[in-house]
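Per-entry structural report
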Amino acid sequence: MKVPHLEPDSMVGSKPYVSKPEHNTPLGFPGELVEGWEQKAVTKLGELVSQSRALQVFLDSCVKCGACTDKCHYYLGTSDPKNMPVARQDLLRSVYRRHFTFAGKFFPKLVGARDMTKEVLDEWYSYFHQCSQCRRCSVYCPYGIDTAEISMAAREVMDSIGQGQKYTNEILVKVHKIGNNLGLPGPALANTLEGLEEDVKEDTGVDVKYPLDVKGAEVLLVTPSADFFAEPHVDGLIGYGKVFHAAGVSWTLSTHASEAGNFGMFVGSSANLHKIAMRIREAALDLGVKRIVVGECGHAWRVAYSFWNTLIGPFDFLDPRYPVPQHICEFTYDLIQKGALKFDKSANDDKVVTFHDSCNVARASRMGNMPGGQFVIPREIIKATCNHFHDMAPETIGEGTFCCGGGGGILTDELIDLRIKGAMPRMQALKDVIEEHGVTHMAAICAICKAQFTKIVPYYKLPMDMIQSVHGLVSNAIVLNAKQ
Ligand code: SF4
Ligand code: SF4
């Protein structure tokens, strides 16, 4: 990827809307910027550093080697040097040094230490909302410094002084009140699922069910709420239902836990992360399910895989053969391995497919019981359901995958310019594989990636409907037995 010419401060004006008191106070944050916020921000930063050894190590150990500088898609797409990961870290590191290191206290200029001023806060607000917390930079840092953690800490500090972001905080309030990011109430959800049943019956002649709040079902499926109506997400949900049907496994969705996403992670708020995840435990217990399966959502899978056990475990009430959590791709792949699903791959013969690895799945979780399962399993599902598949260039997939440009809580319209620019490296790799192999469709297993891509591909002169759910491909090809 070509390193751009520097355009200093070109993105300084790119920032999300500030959240209002009605979005902040229900989350336990001050309604607006508090009096004495400068000192309060420093105190909060001190608390976070003392609670997280990792954060302290990340702030102390950068040697300015430069290995991360050209690894961020936002830097590559915007040319703004403050979008280099090391520069982004330094926005917070400079304040940390000033207040929590000997050299910074006594020789601030010598070590680039800065006081917490309005100018610094404004920079934080702009540039920590130009980080999708994708962790790509950490893969290339010899010290494993994770800018995503620094970005989460900065956002947590800002929320603690009443300088939160509207998009994420408004959504968090909706989940607490209604159960999902979209604010879709139970009756609307039930209507949507009934509509899906009718559509699938019309298409296939088979009574595939999309059950809601069924007590005693074996599986609770928790999926991103975008799966209930957005394109191409809903094709994925249709596919999950067909897989459960074909496998003869009873399953249910839940009104109470109608959201797999957890924006608590994006704003670095463990209290909100916990409260949202807790809805899933409550629903599983209430419905008496034996397994929990997570639908196609990148950060939800990270939360489930990495945090659920400590956040909302133990899961001793579930079937011990299926330790929590399972990804829907693991579920489908297991059935494929057992020969329990039948596919007519020719149903996808109008497509030459490539696969976009989502950051939170690729770099922050695993899948299945093999190393790299999170890369192998979705591809094996695609290959089982499609005759034509080609990967993008190796340095742009797998662990080195480029972010879609809309992750980490920045999928909001006022940041569209940033989102388009940040998608540039992924779009470049996609265009290369289109030219070389005639790829026509790109599949993903993340609700945010799908939403971001469908919105921005037209800016790159590509069709919106080239974006697919992996389980949408499954849905097209699966052979259903009408007698089941
Ligand atoms: S975590 Fe991702 S978005 Fe953030 S600085 Fe690193 S590469 Fe850029
Ligand atoms: S790669 Fe790591 S050590 Fe090197 S400049 Fe970047 S953050 Fe610092």
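See the structure printed just above.
Structural notes, computed from the coordinates. Predicted, not measured: the structure shown is a model, and the values here were computed from it.

Spatially, three strands are ordered S5-S6-S7 in an open sheet, and the strand pairing comes out parallel. For this open sheet the edge positions go to strand S5 (353–355) and strand S7 (467–469), each flanked by a neighbour on one side alone. Each strand of the sheet is rotated relative to its neighbour by a mean of 35°, with strand direction disregarded. Sheet topology note: the S5/strand S6 (residues 441–444) ladder contains three bridges and is parallel. Counterpart to valine 353 in the pairing with S6 is histidine 441.

On to the pairing of strand S1 (residues 219–222). In S1, alternate side chains face the same way, and those of Val219 and Leu221 on one face and Leu220 and Val222 on the other are all buried. Direction of pairing for S1 relative to strand S2 (residues 251–252): parallel, over a ladder of two bridges. Paired with leucine 220 across the strands is threonine 252, a residue of S2. In the classification by handedness, the crossover that spans S1, the intervening helix H12 (residues 233–247) and the parallel S2 is right-handed.

Here the focus is the side chain of aspartate 319. In this fold, aspartate 319 is placed in the loop between helix H14 (298–312) and strand S4 (326–327). Residue class for aspartate 319 comes out buried when judged on its relative accessible area of 14%. Here arginine 321 takes part through its side chain, which lies 2.8 Å from a polar atom of the side chain of aspartate 319.

The environment of ligand 2 is made up of 13 residues, and the closest members are Cys62, Cys65, Cys68, Gln89 and Cys141. A class-by-class count of the residues in the shell around ligand 2 yields ten nonpolar, two polar and one charged.

For ligand 1, the full set of nearby residues is Cys72, His73, Tyr74, Pro85, Arg88, Cys131, Ser132, Gln133, Cys134, Arg135, Cys137 and Thr147. Of all the secondary structure elements, the ones that give two or more residues to the shell around ligand 1 are helix H4 (73–78) and helix H5 (85–100). Class assignment for the residues of the shell around ligand 1 results in six nonpolar, four polar and two charged.

Attention shifts here to the nonpolar core. Side chains of nonpolar character tend, in soluble globular proteins, to be buried together. Formed by 112 residues in total, the largest nonpolar core has its most connected members in Leu221, Phe244, Trp308, Ile382, Met427 and Leu430. Once residues lying within four places of it in the same chain are set aside, the contact partners of isoleucine 382 are Val353, Phe355, Phe389, Ala443, Val470 and Leu473. Ala41, Leu48, Cys72 and Leu92 belong to the second largest nonpolar core, which has 40 residues in total.

Further remarks concern the packing of aromatic side chains. Under the criterion given, the structure shown has eleven aromatic pairs. Put simply, the rings of Tyr210, Phe244, Trp251 and Phe331 pair up and form one aromatic cluster. Stacked on the ring of tyrosine 140, the Lys or Arg lysine 71 has its end atom at 5.2 Å from the ring centre. Taking NZ or CZ as reference, arginine 136 lies 3.8 Å from the ring centre of phenylalanine 402, over its face.

Here the focus is helix H21 (residues 470–477). Of all eight residues in H21, seven are buried; the element is thus mostly enclosed. Turning to H21, its buried residues number three or more, namely Val470, His471, Gly472, Leu473, Val474, Ser475 and Ala477. Residues of H21 that are buried make contact with H12, helix H15 (328–337), S5, helix H17 (373–385), S6 and S7.

Moving on, we come to a nonpolar patch on the surface. Together, Phe102, Phe106, Phe107 and Leu110 give the surface a local cluster of nonpolar side chains, amounting to about 530 Å² of exposed area. Structurally, the position occupied by phenylalanine 107 is in the loop between helix H6 (102–106) and helix H7 (118–127). Residue class for phenylalanine 107 comes out partly exposed when judged on its relative accessible area of 45%.

Okay, the sheet that holds S4 next. Strands sit in the order S2-S1-S3-S4 across an open sheet of four strands; the sheet is parallel. A single partner strand is all that each edge strand has here, and the edge strands are S2 and S4. Of the strands in this sheet, S1 and S2 are in contact with H12, which crosses S1 at around 170°.

Among the surface-exposed residues, Glu194, Glu198, Asp199, Glu202 and Asp203 lie close enough to one another that they form a single negatively charged patch. Mapped onto the secondary structure, aspartate 199 falls in helix H11 (residues 186–204). Residue classification places aspartate 199 among the partly exposed positions, given a relative accessible area of 42%.

On the secondary structure map, valine 324 appears in the loop between H14 and S4. Separated by ten residues in sequence, valine 324 and proline 314 have C-alpha atoms that sit 9.3 Å apart.

Turning next to the pattern of salt bridges. For the coordinates displayed, the defined rule picks out 25 salt bridges. A salt bridge links lysine 82 to aspartate 9; the shortest N-O distance between them is 2.8 Å. Of this pair, lysine 82 sits in the loop between H4 and H5 while aspartate 9 sits in the segment before helix H1 (21–24), and the two are 73 residues apart along the sequence. Its salt-bridge partner being lysine 383, residue glutamate 380 comes within 3.9 Å of it at the nearest N-O pair.

Definitions and limits used
Residues numbered from 1 in each chain as written. Chains lettered and ligands numbered in written order. Predicted model: local features only at pLDDT ≥ 70, side-chain atom pairs only at ≥ 80, totals over all residues. Heavy atoms only, no water. Pairing = 2+ DSSP bridges. Helix = DSSP H or I, 4+ residues; strand = E, 2+ residues; numbered from the N terminus. Axes fitted to C-alpha atoms, helices over the stretch in contact; angles between N-to-C directions. Buried < 20%, exposed > 50% of the residue type's maximum accessible area, 1.4 Å probe, protein only. Right-handed = clockwise from strand over helix to strand, strands pointing away. Polar contact = N/O pair within 3.5 Å; in protein donor to acceptor, adjacent residues only side chain to side chain. Near = heavy atom within 4 Å. Nonpolar A, V, L, I, M, F, W, Y, C, P; charged D, E, K, R; others polar. Core = buried A, V, L, I, M, F, W, Y, C linked by side-chain atoms within 4.5 Å. Contact = heavy atoms within 4.5 Å. Phe/Tyr/Trp six-rings, centres within 6.5 Å; stacked < 30°, edge-to-face > 60°. Lys NZ or Arg CZ within 6 Å of the ring centre and 35° of its normal. Patch = residues over 30% accessible without salt bridge, like charges linked within 9 Å, V, L, I, M, F, W, Y side chains within 5 Å. Areas by Shrake-Rupley, 256 points an atom, 1.4 Å probe, with all protein chains shown as cover. Salt bridge = Lys/Arg side-chain N within 4 Å of Asp/Glu carboxyl O. Lys, Arg positive; Asp, Glu negative; His and termini not counted. Charge placed at Lys NZ, Arg CZ, Asp CG, Glu CD.

The analysis is restricted to geometry; functional conclusions fall outside its scope.
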